[in-house]
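The lines below spell out each chain.
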Amino acid sequence: MNRRQFLSALAAAPLVRAADNKPNVIVILADDLGWGDIGCYGSDLPTPNIDSIAENGTRFTDAHVSCPYCSPTRAGLMTGRYQTHFGHEFNPGPAEQAVENFGLPLAETAMPARFKALGYRTGMFGKWHLGYREPYRPMRRGFDEFYGFLGGAHSYTDANADSANPIYRGDTKVDKVDYTTDEFTREAVSFIERNKDNPFFIYLPYNAVHTPMHALDKYTARFPKITDPQRRLYAGMTAALDDGVGAVLTTLDKHKLTNKTLVVFFTDNGGPTLANTSRNGPLRGYKAQVWEGGLRVPFIVQWPGQIPKGKVFNHPIIALDILPTAIAAAGGTPDASWKLDGVNLLPHMQGKTKAAPHARLFWRFGRQYAMREGDWKLVSMGEAPMLFNLAKDIGEKNDLSAQEKDRMRAMSAAWEEWNKKNIAPLWQPRAAAGQGKKKKKKA
Ligand code: CA
């Protein structure tokens, strides 16, 4: 080695060590699970493994998704941006009906690509719902590995249930599945095993507990006292999800990666209670509505040694915060060109600041819109906006718009200002919104 090579090796050495210390990131996303469906949020169904994330980290009581519907929420998650800023406002409908350009717009950079730029191996196991056509698929958006499906829902037990929406490994169709929840878990565990010596990013978007209602007997058998057959299936599906989270956490423990891994668990929208028997606790409304029942979700984070255990965080946050938080944990620095709307939650979870992460949060979903400012929520279901004080009225029952005219005007003006940054939707909704295939309940 000559002197120049020696100096060059010396300069490279700290970078190698820094890479070794980079934490892993696992984002676990449940589907159509309500605010009241997790043990640590008051559910009667046991979810000890998911609850353990709260025991080992921070549980958020006022966390929201950026849309009360599957695909737009995922577009926001993957970019850290309000998806209405880039026209990803609606679901696409089934594969046969989806418009040609449906998918996370190609001008947007997805979270796995951000992690790849930081030297991470990236794997996704589960439901994509961000594009069917080749250029929009997970392997083209930054994932090294993909096992799952591209649509919005899938049979849990039949790989060939929908020829337009198969199960893929990478780009290859898979003919047989046992139970998708177990399969996505198995793939995530395998990915951890194979990447335990290098930094990895896992996105684990289970289709549980979205319809169709499929559960294996080994899961429903745990609930002999539940007499409602739909609810019993739901309990079984939730048990499989919780077991899956447990298997992932156990694998981290086995390889001494627990303190080196940031784990986030949340759900993509509130429960469609009629469709799957999910529960939104005391919240008003359902999936597909900008009431709290559609937007407020269970949201828990652990990173032992880096964020304290057993904390409860009560300021409003939004799932757009996951990307900046995860990138900060990985030692990355977001550029202004990323145009992030989310913020890094680490200093908030670490107690380095007591300030609220967001002064305001905003939503637009077709004719519906909403806004948060502190405890106040402006909400319109397509007609005259209403105003609620969520600190006193979490169920959004007492409209204060007539008493709080000045506040109404100021919040409406702030929402209009934000709305100027939104563009027209790139496609219109194709499938009926609301309670899945069941009849829509009036709000
Ligand atoms: Ca969903």
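It should be emphasised that the depicted structure is a prediction, and the values quoted were computed from it without experimental measurement. For every chain, the first residue of its written sequence is number 1, and the numbers climb from 1 along that sequence. Residues qualify for local features only when their pLDDT is at least 70, as the model is predicted, and side-chain atom pairs are given and counted only at 80 or more; totals for whole chains, interfaces and linings, by contrast, use all residues. Calculation of side-chain values draws on the structure's entire complement of heavy atoms; hydrogens and water are dropped beforehand.

Another point: the overall build of the protein chain. Counting secondary structure elements, the protein chain contains 12 helices and 16 strands. All radius of gyration figures rest on C-alpha atoms, and the globule criterion is 2.2 Å times the number of residues raised to 0.38. Its C-alpha atoms give the protein chain a radius of gyration of 21 Å, near enough to 22 Å, the size a compact globule of 443 residues would have. Each principal axis of the C-alpha atoms in the protein chain carries an extent, and together these give about 80 × 50 × 45 Å. Counting only residues that meet the buried cut, the protein chain has 59% of its 443 residues in that class. The long-range fraction of contacts in the protein chain, counting pairs at least 24 apart against all pairs at least 6 apart in sequence, stands at 68%. In short, Shrake-Rupley with a 1.4 Å probe defines the accessible areas, and a residue's cover is counted only from the protein chains shown. For the protein chain, the accessible surface area stands at approximately 17800 Å², while carbon and sulfur atoms represent 52% of it. The convention is simple: Lys and Arg are positive, Asp and Glu are negative, and His and the chain ends are not counted. Where a charge lies is defined by one atom per residue type, namely NZ (Lys), CZ (Arg), CG (Asp) and CD (Glu). Both charge centroids of the protein chain, one from 57 positive and one from 45 negative side chains, sit 3 Å from each other. By the criteria applied, helices consist of DSSP H or I runs no shorter than four residues and strands consist of E runs no shorter than two, each listed in order from the N terminus. Only protein chains enter the calculation, and the probe is 1.4 Å; a residue is then buried if its accessible area is under 20% of its type maximum, exposed if over 50%, and partly exposed in between. Whether two residues are in contact is decided by their heavy atoms, any of which lying within 4.5 Å being enough.

With that settled, the discussion passes to the pairing of strand E1 (residues 24-30). For E1, the buried fraction is high: 7 of the 7 residues fall into the buried class. Along E1, one buried face is formed by Asn 24, Ile 26, Ile 28 and Ala 30 and the opposite face, lined by Val 25, Val 27 and Leu 29, is buried too. Strand pairing is assigned whenever DSSP identifies at least 2 bridges connecting the two strands. With 7 bridges connecting them, E1 and strand E9 (residues 261-267) associate as parallel partners. Residue pairing in the sheet places Ile 28 in a bridge with Phe 265 of E9.

Further remarks concern the packing of aromatic side chains. Pairing of aromatic rings covers Phe, Tyr and the six-membered ring of Trp, with a centre-to-centre limit of 6.5 Å; geometry is then stacked below 30 degrees between planes, edge-to-face above 60, and tilted otherwise. Taken as a whole and judged by the stated rule, the model has 24 aromatic pairs. With a centroid separation of 4.4 Å and 5° between ring planes, the pair formed by Phe 115 and Phe 201 is classed as stacked. Taken together, the residues span a long stretch of sequence, with Phe 115 in helix H4 (residues 111-117) and Phe 201 in strand E8 (residues 200-205) at a distance of 86 residues. Overall, Phe 115 belongs to the buried group, its relative accessible area being 0%. Members of the aromatic cluster, joined through ring pairs, are Phe 115, Tyr 120, Trp 128, Phe 143, Phe 201 and Tyr 203.

Moving on, we come to the sheet that holds strand E14 (residues 368-373). One open sheet accounts for 4 strands, arranged E13-E14-E15-E16; its pairing is antiparallel. Only two strands of the sheet have a single neighbouring strand rather than two, namely strand E13 (360-365) and strand E16 (386-389). On average, adjacent strands in this sheet sit at an angle of 15° to one another, irrespective of strand direction. Here strand E15 (residues 376-380) runs beside E16; their pairing, made up of 4 bridges, is antiparallel. Looking at the pairing, Val 379 lines up with Met 386 of E16. Angular values range over 0 to 180 degrees, each being the angle between N-to-C directions of two axes fitted as lines to C-alpha atoms, with helices fitted over their stretch in contact. Running over the sheet, helix H12 (residues 405-419) touches E13, E14, E15 and E16 and is turned about 65° from E13.

The geometry of helix H5 (residues 180-194) relative to helix H7 (residues 229-254) is characterised by a closest axis approach of 9 Å and an angle of 10° between their N-to-C directions. Comparing their axes, H7 and H5 come out roughly parallel. Touching Thr 181, Asp 182, Thr 185, Ala 188, Val 189, Ile 192 and Glu 193 of H5 are Ala 240, Leu 241, Gly 244, Ala 247, Val 248, Thr 251, Leu 252 and Lys 254, all from H7. As a working rule, the residues Ala, Val, Leu, Ile, Met, Phe, Trp, Tyr, Cys and Pro are called nonpolar, Asp, Glu, Lys and Arg charged, and the rest polar, with Gly in that last group. Of the residues assigned to the contact of H5 with H7, the class counts are 8 nonpolar, 4 polar and 3 charged. For this classification, under 35 degrees means roughly parallel, over 145 means roughly antiparallel, 65 to 115 means roughly perpendicular, and everything else is oblique.

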